Amino acid sequence: MRKIFLLFAALCCTIMVNAEEIIQNGIRYSLIKEYRQAIVVSNKTSQGNYANLQGKVTIPASIQYDGTTYNIYIIDKVAFCQCSTITSVTIEEGVYEIGIGAFRSCPNLESVTLPESVNSIKWAAFRDDARLTSLTLPKGLQVIPSEMCSYCPSLKSITLPENLVAIDTCAFLNCAALTSIVIPNKTALICNQAFFGCTSLETVDIPASVASIEEKAFHGCYNLETIKCRITSPLSINANVFENVVCANVSLHVPNQSVNAYKAHSVWKEFYVLPLNYTISFVVNGATVYSKPMEWGTPAATVKEEAKAVEQQISIPAGKVFKHWNPEITAVTKDQAYEAVIEANSTITKCTISFVYGSKYASFLLDEGSPKSDVEYLAELFLEQIYVPMDMKFKYWEPELAAVTDNQTYNAVFGYIYLNYYTIKFVIDGKTALSVALKYGTEDWVVEGYANAVAANAVYPEGMTFKDWDKYFNKVTEDETYTARLRPIGEGIEEVSQESKVKSQKVIRDGQLIIERNGKIYNALGTEVQ
C-alpha cells in the first residue's frame, strides 16, 4: 500500500502542472484526468482561504465532472490552512491521506470526523487549532506525525488508533487541556517532547509494547497523578523525560513481579511505585452489583469464576434468564465493566456441550450463541479433572472448539511424549557410591529407596558412621547429587534417617533397586512387579 501511494504521489507531482482545477460545493479540486483522481487543494483569495465556506463542511470520497467520476484520495498540504470560518469537518470513507498542515491554524474548527480509510496524516495537520476539543484517529494509522496536534489548547481527549506504532516529536506539544492518554498495545516509540507541556494531563496508560520513551516526552506535565505501566522490565530513560514533574506525587502502577525492579531503578524509583491493578465490575440492570481490583494479566478463567459467583446471586424476573456477559470476558488488561444480558426465557435455546477422553465424560448446557471462550473454559476444567499418564500429553480437541451453535461432542486427543532420563548420584566420603539413570517424574520415595540402600551397604572411614543426607529427596526432574553426612561412632547423637514411615525394605540387585513396600514388590520406577 505504501509503495502504491508513493508511486501515486510521484505521478501527481509530474502531472499536476497540467491538471485542471474546478470548484464544487465550495471546495476546490485538482483533477488528475489520466487516473480519474482528484486532490482537495487550497482556495486562497484576498479574503482568505476558503472564505466562502461557513460552519460544517463535508469532503466527499468522489465527485462527478463532465460525465466522469473522480475518486478523492488526498487532501493536499495546507488545503484548509488558516480557514477561519469552518467549525466542523467530516471526511468520507475513501480519502486516505491528509497533507502537511491541511487544517492548520483553523481558529474556529471544533471537530473533525476521520474515516477508517485514512492511513497517512502529515506534519502539523491540525496544529494551532484553538477550538478543537476531541479527535478519534482511524485504526489503520500507524504513525502520529510530528506536531500533528501541537498547540491545540482546547483538545481534551484523543483516541489513538489500535495499530499505532510511534508517536512522533511534539505530536501533542502544549495541549494544555488534555487530561488522559491511553497508548495502544502495539505502540513501540514515544518520541521527544511528544506530550511536552500537557499541563492538565493526569493519567497515562503505557502498554508493554513500548520500547523507548525519548527525552522530555512528558516535560512539564505537572498535574500528572497516575501512570499505569505494563512494561515488565523498567525502560532505561533520561531523567528529563519527566522534567518539571513532582514524581514523588505520581502513583506508578507496574506488574506485581516488577515492583522491586522499578523501586531500584535510577529514574523510576522517584515515583510512588505500586502494584498494577484494574477494577473489574459486574453490572446488572444498570447498577454495579460487584466490583473487585484485579492484578494486570489475571487470566480470563479467574475473571469468569468471579462472574459465575455473581450470576448465582442475580435476582432474575419471572420468565427471563441470564444469557451472558457483555462484552465477552477476557484477561485483565484495563478497567472493565461487564453487563449482564438478561432476556426472555423463550428466546434462548440450550445446547449440550460434551467433552470425552476414554471412559471420562462430562456434559454442560450452554446458551446457543455462547462464545468460543466459554467452551474453552469448560474444556480446561474437564482436562484438569482427568488423570493423564506421565508419558502422555494433551494435543488437541476433535473437532476444534468453537462458539455454540448446536449440540456438540469434543474428543480430547492425547499423544505419547518422550521422557528424558536423568543421572542421580549418591556420594559417600567424596566418592560416588552409586550413579543411576532414572526416568523424568520418578517419585521421591524411589530416590529415597536408593539412598537408604546405599547408606546401609556402604563402607565408612574408620571411626565414622552414617548420619544423614545433605538434602531431602525430590521427584526426578533434573540431574541430582545427594551427599552423605557422617558422624563419629559413639558421639551419642541419635542417627537421623529419611526412611519413610511406611514399612519397606530396599535392596540393590545388579545395579537396580528392588523395593518391598507394604507387602508388595516395586521396581525402581515405582511399578509393581511379581
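See the structure above.
Overview of the structure. (Residues numbered from 1 in each chain as written. Predicted model: local features only at pLDDT ≥ 70, side-chain atom pairs only at ≥ 80, totals over all residues. Heavy atoms only, no water.)

Next up on the list: the pairing of strand β22 (residues 251-254). Going residue by residue along β22, you find S251 and H253 tucked away on one face and L252 and V254 tucked away on the opposite face as well. Pairing analysis gives 3 bridges linking strand β21 (residues 226-229) to β22, with the strands arranged parallel. Bridged to T226 within β22 is S251. As paired strands, β22 and strand β23 (residues 272-275) are joined by 4 bridges and run parallel to one another. Directly across from L252, in β23, lies its bridge partner V273. Since β22 and β23 lie parallel, the crossover through helix α2 (residues 259-264) that links them has a hand, and here it is right-handed. (Buried < 20%, exposed > 50% of the residue type's maximum accessible area, 1.4 Å probe, protein only. Helix = DSSP H or I, 4+ residues; strand = E, 2+ residues; numbered from the N terminus. Pairing = 2+ DSSP bridges. Right-handed = clockwise from strand over helix to strand, strands pointing away.)

Moving on, we get to the packing of aromatic side chains. What the rule picks out here adds up to 27 aromatic pairs. A ring pair is formed by F218 and F242, whose centres lie 5.4 Å apart and whose planes are at 5 degrees; its orientation type is stacked. Pair noted here: F218 is in the loop between β20 (212-213) and β21 and F242 is in the loop between β21 and β22, with a separation of 24 residues, a long-range link. Taking the relative accessible area as the measure of exposure, F218 reaches 1% and is therefore buried. By way of ring pairs, the aromatic residues F355, Y357, F364, F382, F394, W397, Y410 and F414 are connected into one cluster. Here the guanidinium or amino end of K471 rests over the ring plane of Y482, the centre of that ring lying 5.6 Å away. (Phe/Tyr/Trp six-rings, centres within 6.5 Å; stacked < 30°, edge-to-face > 60°. Lys NZ or Arg CZ within 6 Å of the ring centre and 35° of its normal.)

So, on to the packing of helix α3 (residues 300-313) against helix α4 (residues 372-385). Contact geometry of α3 with α4 gives a least axis separation of 11 Å together with a crossing angle of 95 degrees. If you check the angle between α3 and α4, you find them roughly perpendicular. Note on element contacts: α4 touches α3 through S373, D374, Y377 and E380, opposite A301, K304 and E305. Grouping the amino acids of the contact of α3 with α4 by side-chain chemistry returns 2 nonpolar, 1 polar and 4 charged. (Axes fitted to C-alpha atoms, helices over the stretch in contact; angles between N-to-C directions. Parallel < 35°, antiparallel > 145°, perpendicular 65-115°, else oblique. Contact = heavy atoms within 4.5 Å. Nonpolar A, V, L, I, M, F, W, Y, C, P; charged D, E, K, R; others polar.)

As a further point, take the pairing of strand β3 (residues 37-40). Side chains Q37 and I39 project from β3 onto one buried face, and the interleaved A38 and V40 project onto a second face that is buried too. Examined bridge by bridge, strand β2 (residues 27-32) and β3 share 4 bridges and lie antiparallel to one another. Directly across from I32, in β3, lies its bridge partner Q37. The turn joining β2 and β3, which pair antiparallel and follow one another in sequence, is formed by 4 residues; a positive phi near 50 degrees is taken by R36.

So, about the sheet that holds β20. One open sheet accounts for 4 strands, arranged β14-β16-β18-β20; its pairing is parallel. The open sheet has two edge strands, β14 (143-144) and β20, and neither has a second partner. Relative to strand β18 (residues 189-190), strand β16 (residues 166-167) runs parallel, the two being bridged by 2 bridges. When the bridges of β18 are listed, A166 appears paired with L189.

The next subject is the environment of P293. With respect to the element layout, P293 can be found in strand β25 (residues 287-295). Looking at P293, the relative accessible area reads 58%, which means it is exposed. Considering only alpha carbons, one finds P293 and T279, 14 residues apart in sequence, at a separation of 4.4 Å. Setting aside chain neighbours within four positions, we find P293 in contact with N277, Y278 and T279.

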